[in-house]
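Read off the chains here:
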Amino acid sequence: MNDAFLGQLERALGAAHVVTGAQVLDALATGAFRPAALCKPGSAEEAAAVVRLAAEQQVPLVPCGGWTAQTFGEAAPAGALAVSLQRLDRLVEYNPDDLVVTAQAGMSFGALQAALAEHGQCLPLDAPGHATLGGLIATDRFGPRRLMYGALRDMVLGLTVVNGDGLVRRCGGRVVKNVTGYALEKLYIGSLGTLGLFTEATFKLRPAPETAGVQELTAPDFARGFALVRELAARLPFAAVSASFPGKPFSAQFGIEASPPDHARILREMESAVQAAGSGIAFQDAELAAPAADLWPALPRRMRAIQLTEGREVIPELRARLTWPCRAADFPGCMAQVDVAAREAGFGALMAFYDFPGQVSLELFAEFELAQGVPGNLDRLVRFLRGE
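Residues numbered from 1 in each chain as written. Predicted model: local features only at pLDDT ≥ 70, side-chain atom pairs only at ≥ 80, totals over all residues. Heavy atoms only, no water.

### Some details on the overall build of the chain
Alright, step 1. Helices and strands together make up the secondary structure of the chain, namely 11 helices and 20 strands.
Alright, step 2. Relative to its full complement of 388 residues, the chain shows a buried share of 47%.
Alright, step 3. Sequence-distant contacts in the chain: of pairs separated by 6 or more residues, those separated by 24 or more amount to 65%.
Alright, step 4. Split by element, the accessible area of the chain, about 18,800 Å² in all, is 52% carbon and sulfur. (Helix = DSSP H or I, 4+ residues; strand = E, 2+ residues; numbered from the N terminus. Buried < 20%, exposed > 50% of the residue type's maximum accessible area, 1.4 Å probe, protein only. Contact = heavy atoms within 4.5 Å. Areas by Shrake-Rupley, 256 points an atom, 1.4 Å probe, with all protein chains shown as cover.)

### Topic: a nonpolar patch on the surface
Alright, step 1. Residues Tyr 182, Leu 184, Leu 187 and Leu 195 make up a contiguous nonpolar surface patch of about 470 Å² in total accessible area.
Alright, step 2. By the element assignment, Tyr 182 lies in the loop between strand S9 (168-172) and helix H7 (185-188). (Patch = residues over 30% accessible without salt bridge, like charges linked within 9 Å, V, L, I, M, F, W, Y side chains within 5 Å. Salt bridge = Lys/Arg side-chain N within 4 Å of Asp/Glu carboxyl O.)

### Regarding the confidence of the model for the chain
Alright, step 1. Summing up the model confidence of the chain, the mean pLDDT is 83 and the portion of residues at 70 or higher is 87%.
Alright, step 2. The least confident element of the chain, judged by mean pLDDT, is strand S16 (residues 306-307) at 47; the most confident is strand S6 (residues 100-104) at 96.
Alright, step 3. Across residues 289-309 the pLDDT falls below 50, and counting only partners more than four positions away or on other chains, this stretch makes 64 contacts in the model.
Alright, step 4. pLDDT under 50 marks residues 369-374. Its contacts with residues more than four places away, or in other chains, come to seven contacts. (pLDDT = per-residue confidence, 0-100.)

### Focus on the environment of Lys 204
Alright, step 1. The topology assignment puts Lys 204 in strand S10 (residues 197-204).
Alright, step 2. For the pair formed by Lys 204 and Thr 102, sequence separation is 102 residues and the distance between their alpha carbons is 9.2 Å.
Alright, step 3. Once you skip the residues sitting within four places of it in the chain, Lys 204 turns out to touch Leu 99, Leu 123, Asp 154, Met 155, Leu 157 and Val 176.
Alright, step 4. Side-chain polar atoms of Lys 204 contact the backbone oxygen of Asp 154, separated by 3.4 Å. (Polar contact = N/O pair within 3.5 Å; in protein donor to acceptor, adjacent residues only side chain to side chain.)

### Details of the sheet that holds S10
Alright, step 1. Spatial strand order, S5-S6-S10-S8-S9: five strands in an open sheet with antiparallel pairing. This sheet does not close on itself; its edge strands, each paired only once, are strand S5 (91-95) and S9. Looking at each pair of strands side by side, their axes are set apart by 10° on average, direction ignored.
Alright, step 2. As defined by bridge partners, strand S8 (residues 156-162) adjoins S10 across six bridges and the pair is classed as antiparallel. (Pairing = 2+ DSSP bridges. Axes fitted to C-alpha atoms, helices over the stretch in contact; angles between N-to-C directions.)

### Points about the packing of aromatic side chains
Alright, step 1. Applying the stated criterion across every chain, the model contains 12 aromatic pairs.
Alright, step 2. With a centroid separation of 4.8 Å and an interplanar angle of 50°, the aromatic rings of Phe 238 and Phe 254 are classed as tilted. Of the two residues, Phe 238 sits in the loop between helix H8 (222-235) and strand S13 (240-245) while Phe 254 sits in strand S14 (residues 250-258), which places them 16 residues apart along the sequence.
Alright, step 3. We classify Phe 254 as buried; its relative accessible area is 0%.
Alright, step 4. Clustering of aromatic rings is evident, with ring pairs tying together Phe 222, Phe 226, Phe 245, Phe 250, Phe 331, Tyr 354 and Phe 356. (Phe/Tyr/Trp six-rings, centres within 6.5 Å; stacked < 30°, edge-to-face > 60°.)

### Some thoughts on the pattern of salt bridges
Alright, step 1. Under the counting rule described, the total for this entry stands at 10 salt bridges.
Alright, step 2. One salt bridge connects Arg 34 with Asp 26, and the closest N-O pair in it is separated by 2.6 Å.
Alright, step 3. Notably, a salt bridge pairs Arg 265 with Asp 262, separated by 3.9 Å at the nearest N-O pair. Remark: Asp 262 and Arg 265 occur in helix H9 (residues 260-277); sequence separation between them is three residues, near one turn of the helix.
Alright, step 4. Residue Arg 265 is classed as partly exposed on the basis of its relative accessible area, which comes to 30%.

### Topic: the pairing of S13
Looking down a regular strand, the side chains alternate between one sheet face and the other.
Alright, step 1. Counting buried residues along S13, six of its six residues qualify, which places the element largely inside the surrounding structure.
Alright, step 2. Pairing of S13 with strand S19 (residues 347-355), which is carried by four bridges, proceeds in the antiparallel orientation. Its bridge partner lying in S19, Ser 244 is registered against Phe 353.

### Considerations on the nonpolar core
Alright, step 1. Counting residues in each nonpolar core, the largest one holds 43 residues, and the members touching the most others are Met 335 and Leu 362.
Alright, step 2. Among the nonpolar cores identified, the runner-up in size contains 29 residues, and Val 101, Leu 123, Leu 125 and Cys 171 belong to it. (Core = buried A, V, L, I, M, F, W, Y, C linked by side-chain atoms within 4.5 Å.)

### Some thoughts on helix H10 (residues 331-344)
Alright, step 1. The end-to-end C-alpha distance of H10, which contains 14 residues, comes to 20 Å, matching closely the 20 Å that a straight helix rising 1.5 Å per residue would cover.
Alright, step 2. Listed in full, the buried residues belonging to H10 are Phe 331, Met 335, Val 338, Ala 341 and Ala 342. Axial view of H10: buried residues confined to an arc of 125°, hence all on one face.
Alright, step 3. Once H10 ends, the next one or two residues include Gly 346, with phi positive near 100°. (Expected span 1.5 Å × (residues − 1). Arc of directions from axis to C-beta.)

Right under this line is the structure:
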């Protein structure tokens, strides 16, 4: 990236929207990635101009939104230009009667939810409020509420994308029943910015629930607790169900989003099931985390500290996150093997969450004695999970 290229960017976007200051770029660094410069297009046409200039000069681009998942995927190449879409933050079209909304990709998830809440509607995703809509699509963000509402790909109706050739392309539509041609918008979901820059998205909405709450179930051991969770998840209409591993004690969270009578009925049936399960098992209202908490508005999904046998407390260093599909019946046996394999691969601790109907999210932490920055053998563990 040279001064001539930066000059072209400034002429295309305005000097105020091209950042080269070391202090700002250092603050944006994540992991091994530090952008060589940052630009902020204000329209799809300006984003297309950036892509064409970068292609001519062979400058790699890294799309960015709320910087909530910038470490996902492969490390960005050196000398990359970060393209922030946060100026593209407008609500383009919203008709509450159709339960459909179109917004620019740089709009924050929290801002969209606030606008929808005024009409009693929502986009039922598990995501922090400062994440951008484009970032959610690029990372295919979903969480435990997928049990009731489905995944993000079930909610995206259309996309406007700037492809690598610098052309603005539109795929999908702005109506729920749209069957013209191939559903190319699904191709871009989860692509991590490798297929283009998202500038606009259309979503299918849902009515906001009349009541919402989270119940936490605890049990003295994993086997009893997980068996009860499977039984409850199979017969009650929860919005989300998530169980943790290891389980000493066992903990699971149940999201309830329903009408007041149905909410009360679900709580009564949970109470009856817990009483029938015997001593040591209980459920109660979960302590809600801050609105911007990662993944789900229940208890924070983060191992904050570990008590060592000699009374010391250590805060483990998160090294990696892995996700994969898994049947509920296979989860206990799978995690027993993963626990052993993770330690053999050099990780000191792990926390896993099983989100019904079938997704494992695994967090891996460093050995306590390892110097900071020394990773466990992640490749070895991934090969194990793939059965290689």
